Amino acid sequence: MSKIIAVSSKTIRGLTTPQLLKGGLYLTWATSVLLLLSIISGVQAQRQGIKTVGQDSTPSIVTAQRLKDGLAGMDANVANELLVPTGQNQQAVKDYEERYLRVTERLVAAAENITFGDKERKPIETMQLGLGNYIAKIQQARDSHARGDTNAMLAAYRAAAEIIDKTLLPTADELDKVNLQALEDTYAEKQVATRKSIFSIFLIGLALIVVLVGLQMFLSQRMRRTFNPLLLIATAIAIAFLNYTAGALLAASQHLRVAKEDAFTSMHVLRQARALAYIANAAESRYLLDPAFATNHEQAFFNNVSKIAQLSNGQTFESVIEAYKSQGKKVDGFTGYLADELNNITFAGEKEATLANLSSLGTYIAIDQQIRQLEKSGKHQEAIALGIGNKPGQSDWAFEQFKTTNQKSFDINQAAFDKAIQQGFHDVDGFEMTTSVAVSAIALLSLFGLMPRIKEYSF
């Protein structure tokens, strides 16, 4: 700048002062337009990322998990119903109908929130067809049970269980994976895009500020007026708005991170744990209902429980809980979905709720061991009573305790997720209009600040 100013007061490298000022004005406008486009592009990308995570993928993922536990819940309740003579377990019948209603509602919700085309549509259609076939087989099992035909009842129930195990539950997992992959891809893409946008906006904004400051210095050297007030205001707006834009995009990115990494990660593992608990609960009832395959059902129970929470040698649920309370960090040797959740504690009350969930799981597993001991010692009716009982100390009571504590931890994360998504949208709300106004103000102030000087030097 000093070299330019050192040249003749009338011309610089063949350009007159008015030409230089006009060039500076045009450069200001061009840079302003680039800044406008860069900010709008960055804001829209951030808003799309928040929408995908908060409104498209996450609701579909949670719905898929709820479909999974709803289907497993139907299966567990009908198995409990078939364990005793027809009409003697009306609670199981009621719970089956309630689970069926929830499944149909969630299928409708999933269909209404299709975002990724056939990748979602086909699993939903498969579940709709499979559910109809499952219900038909269950009715056959009920009819045979009412007639006292145990062999026919078991044949029909096994066919229904095969539909659950090989079609419905895997398809619910497929629906979950489609949306989970979309969420992961979008989140990673938008986080990178946000960093690039902020860098681009910073460079263009800095270029605009340099142009404005350069014009101010040029005028202060050429004229007796030390400062051009309108250019000063334009420069102040540029600096303030650049800072505001970067802060808003960073805040939106942070809120998206909280929603995805802190809240959603916990929501997902908690729903996975809940769905597997439903499947394990069904396996427990199958163990009592179908002795010919009792070993298979017993192994299925333990396989699913181990995915929820797996203790290492010498550990107990009580010792793990105490370790988390005292250490407040990862407990070596303890794995599973609840371990993943306890290692991702972020929000107030979340740790206490999750430890209560772990404790209730321990209670449920202890009662399951009693059921198996009774069954293996020939006390079949006592095992059934303990397995389908809803009183404190019985299996279905313990399972309800697990569901309640799991839901409490989930609700804490859901509330944090919703808040973070809402704040993320708020961070970029109306940004296109604000940006247009700010950039227009910079352009107009530059015009009105330079035009009198251009006219002055044109004579």
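Provided above is the structure to which this section pertains.
Residues numbered from 1 in each chain as written. Predicted model: local features only at pLDDT ≥ 70, side-chain atom pairs only at ≥ 80, totals over all residues. Heavy atoms only, no water.

**Comments concerning the overall build of the protein chain**
Here comes step 1: Assigned secondary structure in the protein chain consists of 13 helices and 2 strands.
Here comes step 2: Here the C-alpha radius of gyration of the protein chain, 33 Å, is well above what a compact globule of 459 residues would show, namely 23 Å.
Here comes step 3: Summarising its shape, the C-alpha atoms of the protein chain cover approximately 110 × 50 × 30 Å along the three principal directions.
Here comes step 4: When the 459 residues of the protein chain are sorted by exposure, 50% land in the buried category.
Here comes step 5: For the protein chain, the share of sequence-separated contacts (at least 6 apart) that also reach a separation of at least 24 residues comes to 80%.
Here comes step 6: For the protein chain, the accessible surface area stands at approximately 21,300 Å², while carbon and sulfur atoms represent 57% of it. (Helix = DSSP H or I, 4+ residues; strand = E, 2+ residues; numbered from the N terminus. Rg over C-alpha atoms; globule rule 2.2 N^0.38 Å. Buried < 20%, exposed > 50% of the residue type's maximum accessible area, 1.4 Å probe, protein only. Contact = heavy atoms within 4.5 Å. Areas by Shrake-Rupley, 256 points an atom, 1.4 Å probe, with all protein chains shown as cover.)

**Comments concerning the nonpolar core**
Here comes step 1: Core analysis: the largest hydrophobic core is formed by 121 residues, its most contacted members being Tyr134, Tyr157, Phe334 and Leu358.
Here comes step 2: When residues no more than four places from it in sequence are discounted, the contact partners of Leu358 are Ala309, Phe317, Val320, Ile321, Phe334, Leu338 and Leu342. (Core = buried A, V, L, I, M, F, W, Y, C linked by side-chain atoms within 4.5 Å.)

**Details of a nonpolar patch on the surface**
Here comes step 1: A cluster of nonpolar residues, Phe199, Phe202, Leu203, Leu206 and Val210, forms a patch on the protein surface that exposes about 490 Å² of accessible area.
Here comes step 2: Positionally, Phe199 belongs in helix α5 (residues 150-222). (Patch = residues over 30% accessible without salt bridge, like charges linked within 9 Å, V, L, I, M, F, W, Y side chains within 5 Å. Salt bridge = Lys/Arg side-chain N within 4 Å of Asp/Glu carboxyl O.)

**Overview of the pattern of salt bridges**
Here comes step 1: Counting across every chain of the model gives 22 salt bridges.
Here comes step 2: The salt bridge involving Arg158 is made with Asp290; its shortest N-O contact spans 2.7 Å. A residue pair is termed long-range when its members are at least 10 positions apart, and Arg158 in helix α5 and Asp290 in the loop between α6 (229-289) and α7 (294-308) qualify at 132 residues.
Here comes step 3: Judged by its relative accessible area of 34%, Arg158 is partly exposed.
Here comes step 4: The shortest N-O distance in the salt bridge between Arg257 and Asp262 comes to 3.2 Å.
Here comes step 5: Judged by its relative accessible area of 24%, Arg257 is partly exposed.
Here comes step 6: Through salt bridges with shared partners, a single network forms among Asp69, Glu98, Arg99, Arg102, Glu105, Arg106, Arg271 and Arg274.

**Comments concerning the environment of Ala76**
Here comes step 1: Its location among the elements puts Ala76 in helix α2 (residues 17-82).
Here comes step 2: Given the relative accessible area of 2%, Ala76 is considered buried.
Here comes step 3: Each C-alpha atom of the pair Ala76 and Glu189 lies 41 Å from the other, and the pair is 113 residues apart in sequence.
Here comes step 4: Contacts of Ala76, omitting those with residues within four sequence positions, involve Asn281, Ala282 and Ser285.

**Regarding the environment of Gly247**
Here comes step 1: Looking at where Gly247 falls in the secondary structure, it is placed in helix α6.
Here comes step 2: Look at Gly247 and you get partly exposed, because its relative accessible area is 37%.
Here comes step 3: Expressed as a C-alpha distance, the spacing of Gly247 and Ser446, which sit 199 residues apart in the sequence, is 25 Å.

**A closer look at the packing of α6 against α7**
Here comes step 1: Running from N to C, α6 and α7 point in directions that differ by 160°, and their axes come no closer than 8 Å. Taken as axis vectors, α6 and α7 run roughly antiparallel relative to one another. For α6 against α7, the interelement crossing comes out left-handed. Of the residues in α7, those touching α6 at Ala273, Leu276, Ala277, Ile279, Ala280, Ala283, Glu284, Arg286 and Tyr287 are Ala294, His297, Glu298, Ala300, Phe301, Asn304, Val305, Lys307 and Ile308.
Here comes step 2: Among the residues forming the contact of α6 with α7, the class breakdown is 12 nonpolar, 2 polar and 4 charged. (Axes fitted to C-alpha atoms, helices over the stretch in contact; angles between N-to-C directions. Parallel < 35°, antiparallel > 145°, perpendicular 65-115°, else oblique. Left-handed = near helix turned anticlockwise from the far one by under 90°. Nonpolar A, V, L, I, M, F, W, Y, C, P; charged D, E, K, R; others polar.)

**Observations regarding the packing of helix α3 (residues 90-112) against helix α4 (residues 118-147)**
Here comes step 1: Their axes nearest at 10 Å, the elements α3 and α4 cross at an angle of 165°. Comparing the axis directions of α3 and α4 gives the class roughly antiparallel. Every pair of crossing elements has a handedness; the one defined by α3 and α4 is left-handed. When α3 is examined against α4, the residues Val93, Tyr96, Glu97, Tyr100, Val103, Thr104, Leu107, Ala110 and Ala111 are found in contact with a partner set consisting of Ile124, Met127, Gln128, Leu131, Tyr134, Ile135, Ile138 and Arg142.
Here comes step 2: Considered class by class, the residues forming the contact of α3 with α4 number 13 nonpolar, 2 polar and 2 charged.

**Quick word on the packing of aromatic side chains**
Here comes step 1: Here the structure, examined in full by the defined rule, presents 9 aromatic pairs.
Here comes step 2: Ring geometry for Tyr244 and Phe431: centres 5.3 Å apart, planes at 5°, overall stacked. In this pair, Tyr244 is assigned in helix α6 and Phe431 in helix α13 (residues 431-456), connecting sequence segments 187 residues apart.
Here comes step 3: Taking 5.8 Å as the distance between ring centres and 50° as the angle between the ring planes, the aromatic pair formed by Tyr364 and Phe399 counts as tilted. Separated by 35 residues along the polypeptide, Tyr364 in helix α10 (residues 350-376) and Phe399 in helix α12 (residues 395-427) bring together distant segments of the chain.
Here comes step 4: In this structure Phe399 comes out as buried when scored by relative accessible area, which is 4%.
Here comes step 5: Site record: aromatic cluster; members linked through ring pairs are Tyr278, Phe301, Phe302, Tyr364 and Phe399.
Here comes step 6: It is Arg142 that lies over the ring of Tyr96; its NZ or CZ is 4.6 Å from the centre.
Here comes step 7: The residue whose ring lies beneath Arg271 is Phe410, and the NZ or CZ to ring-centre distance is 5.3 Å. (Phe/Tyr/Trp six-rings, centres within 6.5 Å; stacked < 30°, edge-to-face > 60°. Lys NZ or Arg CZ within 6 Å of the ring centre and 35° of its normal.)

**With respect to the side chain of Glu298**
Here comes step 1: With respect to the helices and strands, Glu298 occurs in helix α7.
Here comes step 2: Here Lys376 takes part through its side chain, which lies 3.1 Å from a polar atom of the side chain of Glu298.
Here comes step 3: With sequence-adjacent residues up to four places away left out, Glu298 is seen in contact with Tyr287, Arg372 and Lys376. (Polar contact = N/O pair within 3.5 Å; in protein donor to acceptor, adjacent residues only side chain to side chain.)

**Re the environment of Leu250**
Here comes step 1: Position of Leu250 among the secondary structure elements: in helix α6.
Here comes step 2: Its relative accessible area of 49% is what places Leu250 among the partly exposed residues.
Here comes step 3: Along the primary structure Leu250 and Gln46 are separated by 204 residues, whereas in three dimensions their C-alpha atoms are 9.9 Å apart.

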